[in-house]
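Each chain, letter by letter, is given below.
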Amino acid sequence: MALRLVSDFDLRKDVLPWLRAQRVASAAAGARGGGPGVLENNYESLRILNVERNGNVIYTYKDNKGNVFFGLYDCQTRQNEHLYTFEKDLHVVSCSVNSDRTLLAASLIHSTKEGRKNELQPGSKCLTLLVEIHPVNNVKVLKAVDSYIWVQFLYPHVESHPLPENHLLLVSEDKYIEKFHIQVIQEDGSRVVIKDSGHLPRERVAEDFVWAQWDMSEQRLYYIDLKKSRSILKCLQFSVDEKFNLMFEAPLDITLSDSGFKLVNFGCDDLQDQENLSKHLTLCVFTNHTGSLCVCYSPKFDSWEKFTYSVFYFHKGHGKTFTAALGSVDSHVTKGLTFLNLDYYLAVYLPGHFFHLLNIQHPDLICHSLFLTGNSEVVDMLPHSPLQSLSGSLVLDWCSGKLYRALLNQSYLLQFLWNTRLDCEKMAVLHCVLSCGGDRRFLEAKIIQWISENISTCHSFDLIQEFIIASSYWNICPETSNMDKLLPYSSVLTWNTEIPGITLVTEEIALPFMKVHSFKGYWEKLNSNLEYVKYSKPHLHYNNSMVRREWHSLISQEKTGRRRSMVYVKNILDNATKVISNLEARNLEPRLTPLFQEEDNHQRLLMGLMVSELKDHLLRHLQGVEKKKIEQMVLDYVSKLLDLVCQIMETSWRKHSLHPCVPHFSGRASAAEFKVFHIMTRILEATKNLFLPLPPGFHTLHTILGVHCLPLHNLLHYIDSGVLLLTETAVTRLMKDLDNTEKNEKLKFSIIVRLPPLIGQKICRLWDHPMSSNIISRNHVKRLLQNYKKKPPSSVIHKSSFSVEFLPLNYFVEILTDIESSNQALYAFEGHDNVDAKFVEEAALKHTMMLLGL
């Protein structure tokens, strides 16, 4: 299944064996009281009450006499501990233990023999008690009221020495929250008692609220109060000294009744009728380390045909309302909707109907989230009992008594990637897999293998493009805050294709109003996200448009013989050298593909320009990060782009068992070379559209394979349309490797006439053929006559070296000779001193004789 639930705690496996052992020991010793008591066959009374911030689990059970026992499971030592026993038949509403395990707070009501146990009998009281348990000693009554009370100790963020003061939250059904300050002292050595227990200071934390949620990990209290029928979400942050601050207020566009009351994560929701969960609204708040703030909301269920839920992405400034089709009218909803926090994602799960994996880091496009309906096996593979998402990735199944850690199942998602046929699912799963982390090299190899087999099956986006951009993003972004706003996340900027089974409406929402002015940790990141939404439009994601313009400018200047300052070009090429060195340092395995075997200045210029532009982009917008760290991140990012291309090439080369040497032009192409040529063409297409650099030698190898694999007319079409780029290295090899058969002559000439003039002149010297002599002569004459000024004709005509008398040619050669003699230093043909008027005359006569068939 898409989610992997790793068990952290199981009542039946981690507690029951210990209880049975205690029962046996108690029976053998004839113990009376004081121990965990005799359970006999009353194991069904065993249930979880609370999970504290340190991960310890508090549970309760009853013996056959109805006595209530409290136990604690230590998640670190994996040991159980008996905390306290109430020798009365009571029902526990809520329970919490302080971090030092010296105090226990519990809220209890009388059990009834008939009807539901959580009903108060007329005139009965809900008792909230504070008990000294180190050792068991005094019991203090904090509340005795007719409404339910929930209790929760605050936990310090750094647990070191015992704390002299403890703080306890009391949440009342009468819609107020109080905080008690409890000082403790040590007596008689290690005995811990409450100081001045008759006068415990208290303060009102919140009141008139209709909903509240406790975040045990971050020690935050979220609650909603109604102001003029408007829902306002507020958050209190409890700090190290247990003081608290109101961090923000945010309006919520949801409908809540002022007569309602709902608590989330204040222990076991045992008072809620589990069978009617689907009829009640669901509301919860999720955050993660990147500064995200999501509010998930599902109203009361009122239709058997569709299900509506909303997610307010406050860190992005918009909310989305989803409507999922439930399929058959007969498929009744008997379970409630579950929201689960999965770090970069949140899951929306309706047992037996659908599973929606929502991307909370980049929620703009629906294709970056995965929606699976009842037709998929994953929908029925998750537990059907109500799941409660605690802080972080912890998930509690109250019914079975199990505590899980929910993780994305990377192996399942990879398998799903191979089987799915929908482009939207391919896109979503690709990003899900990459976000999982782990062995990135292994992961990328698996994805490349999938791409190579399915490269032509995706029509809505380019698989190679998306993989290169997404993998490079996930390689860099998790390490540094705000990088998700500066680097591209996807190659797809818009998505208009419908997702089967679901529709959505996107609306802008009011941003939270921050109530403090100094931020640290999560709050600093959230505030940064909100500031970005307010002021950063258009988006700041990097793109290569500036690199494209500058690169074309440098190349055009090179073609015309003009050049930027040597210092500027040297700095650009030095950047490229650093990228290649960085890449080689991270990949020590020998390469099969014959890349990085030539200079390829054009690709090096592109690499260097991208390093320069990306570094400037990050320095402008990434605050508080050292320049050296930014420079290294840029090198890592550009290196990763190149490395991914190399990995795709390596996979293809290895799969088709090609030789690590550069192929020769002679001989016929194999089927394997055809397939590698096709993959290289797709790589070129992907990188060209994004204007990304390629490894030096890529174009040479691609051209050689193209000459090998394509008929001449197809080859020339690929060259003319820019698919094949003629490099000096490739053409030089072509001239040397191929003999001068009629077919090869035609190929060589077709290639030469398509070369830039400067490269063409060099290549012609390598080809000992009348055709190349003709081209050399034409270029020589063109250079000589560029600035020629006509002079009075000479009366003497020199004899040609040939015996043929052809006055126009003789006269023309005489002019060339005069120009050469008067401008010898200026017009010397660089590197080819024997090209002169005589060479031109001979080439012209040979060419004429060929045309006349002589």
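Check the entry above for the structure.
In short, a report on the structure. Please read these numbers as outputs of a predicted model, since none were measured by experiment. (Residues numbered from 1 in each chain as written. Predicted model: local features only at pLDDT ≥ 70, side-chain atom pairs only at ≥ 80, totals over all residues. Heavy atoms only, no water.)

**Focus: the overall build of the protein chain**
In step 1: Of regular secondary structure, the protein chain possesses 21 helices and 31 strands.
In step 2: For the protein chain, buried positions account for 54% of its 854 residues.
In step 3: Contacts in the protein chain between residues at least 24 apart in sequence constitute 60% of all its contacts with a sequence separation of at least 6.
In step 4: Surface summary for the protein chain: the accessible area is close to 40,100 Å², and the carbon and sulfur share equals 51%. (Helix = DSSP H or I, 4+ residues; strand = E, 2+ residues; numbered from the N terminus. Buried < 20%, exposed > 50% of the residue type's maximum accessible area, 1.4 Å probe, protein only. Contact = heavy atoms within 4.5 Å. Areas by Shrake-Rupley, 256 points an atom, 1.4 Å probe, with all protein chains shown as cover.)

**What about unusual backbone geometry?**
In step 1: At the junction of histidine 134 and proline 135, the peptide bond is cis and its omega measures out at -5 degrees in the coordinates.
In step 2: Relative to the elements of secondary structure, proline 135 occurs in the loop between strand 7 (126-133) and strand 8 (136-145).
In step 3: Its identity is not glycine, yet aspartate 208 carries a phi of approximately 55 degrees, on the positive side.
In step 4: Position of aspartate 208 relative to the elements: it lies in the loop between strand 13 (202-207) and strand 14 (209-215).
In step 5: Even without being glycine, asparagine 265 reaches a positive phi, approximately 65 degrees.
In step 6: The buried category is assigned to asparagine 265, whose relative accessible area is 9%.

**Concerning the sheet that holds strand 25 (residues 354-359)**
Across a sheet, paired strands are connected by hydrogen bonds in the backbone, their directions being either parallel or antiparallel.
In step 1: Strand order in this open sheet of four strands is 23-24-25-26, and the pairing throughout is antiparallel. The sheet is open, and its two edges are formed by strand 23 (338-342) and strand 26 (370-373), each paired on a single side. The mean angle between the axes of side-by-side strands here comes to 15 degrees, regardless of whether they run parallel or antiparallel.
In step 2: By the bridge criterion, four bridges tie strand 25 to strand 26 in an arrangement that is antiparallel. Bridge pairing in strand 26 places phenylalanine 354 opposite threonine 373. (Pairing = 2+ DSSP bridges. Axes fitted to C-alpha atoms, helices over the stretch in contact; angles between N-to-C directions.)

**What about the pairing of strand 6 (residues 103-110)?**
In step 1: Taken across its eight residues, strand 6 has seven buried, putting it largely inside the fold.
In step 2: Inspection of the sheet shows strand 5 (residues 79-97) paired to strand 6 by seven bridges, in the antiparallel sense. Bridging from a neighbouring strand, leucine 90 pairs with histidine 110 of strand 6.
In step 3: Hairpin geometry of strand 5 and strand 6 is characterised by an intervening segment of five residues between the two adjacent antiparallel strands and by a positive phi of about 60 degrees at arginine 101.

**So, the pattern of salt bridges**
In step 1: Counting across every chain of the model gives 28 salt bridges.
In step 2: Among the ionic pairs, glutamate 685 bridges to arginine 682, the shortest N-O distance being 3.8 Å. Of this pair, glutamate 685 and arginine 682 both sit in helix 12 (residues 671-690), three residues apart, which is roughly one turn of the helix.
In step 3: For arginine 682, a relative accessible area of 19% translates into the label buried. (Salt bridge = Lys/Arg side-chain N within 4 Å of Asp/Glu carboxyl O.)

**Describing the sheet that holds strand 7**
In step 1: Taken together, the seven strands give an open sheet; going across it, the order is 2-3-4-5-6-7-8, and neighbouring strands pair in antiparallel fashion. Both edges of this open sheet fall to strand 2 (47-51) and strand 8, since each of them pairs with a single strand only. Direction aside, the axes of adjacent strands within the sheet are offset by 25 degrees on average.
In step 2: Where strand 7 meets strand 8, seven bridges bridge the pair, whose relative direction is antiparallel. When the sheet's bridge partners are listed, leucine 127 is paired in strand 8 with alanine 144.

**Overview of empty space enclosed by the protein**
In step 1: Throughout the structure, instances matching the rule amount to six cavities of 30 Å³ or more.
In step 2: Of the pockets and cavities examined, the largest cavity occupies roughly 70 Å³.
In step 3: Along its surface, the largest cavity is lined by Asn50, Val51, Trp214, Met216, Asn265, Gly267, Gln388, Leu390, Ser391, Leu396 and Trp398.
In step 4: When its residues are assigned to classes, the lining of the largest cavity shows six nonpolar, five polar and no charged.
In step 5: Along its surface, the second largest cavity is lined by Thr290, Ser292, His315, Lys316, Gln361, Asp484, Lys485 and Asn529.
In step 6: Split into classes, the residues belonging to the lining of the second largest cavity amount to no nonpolar, five polar and three charged. (1 Å grid on protein atoms, 1.4 Å probe; cavity = no way out; pocket = protein on both sides within 12 Å on 5 of 7 lines; lining within 4 Å. Points joined across faces, edges and corners; volume = space filled by probe spheres on them. Nonpolar A, V, L, I, M, F, W, Y, C, P; charged D, E, K, R; others polar.)

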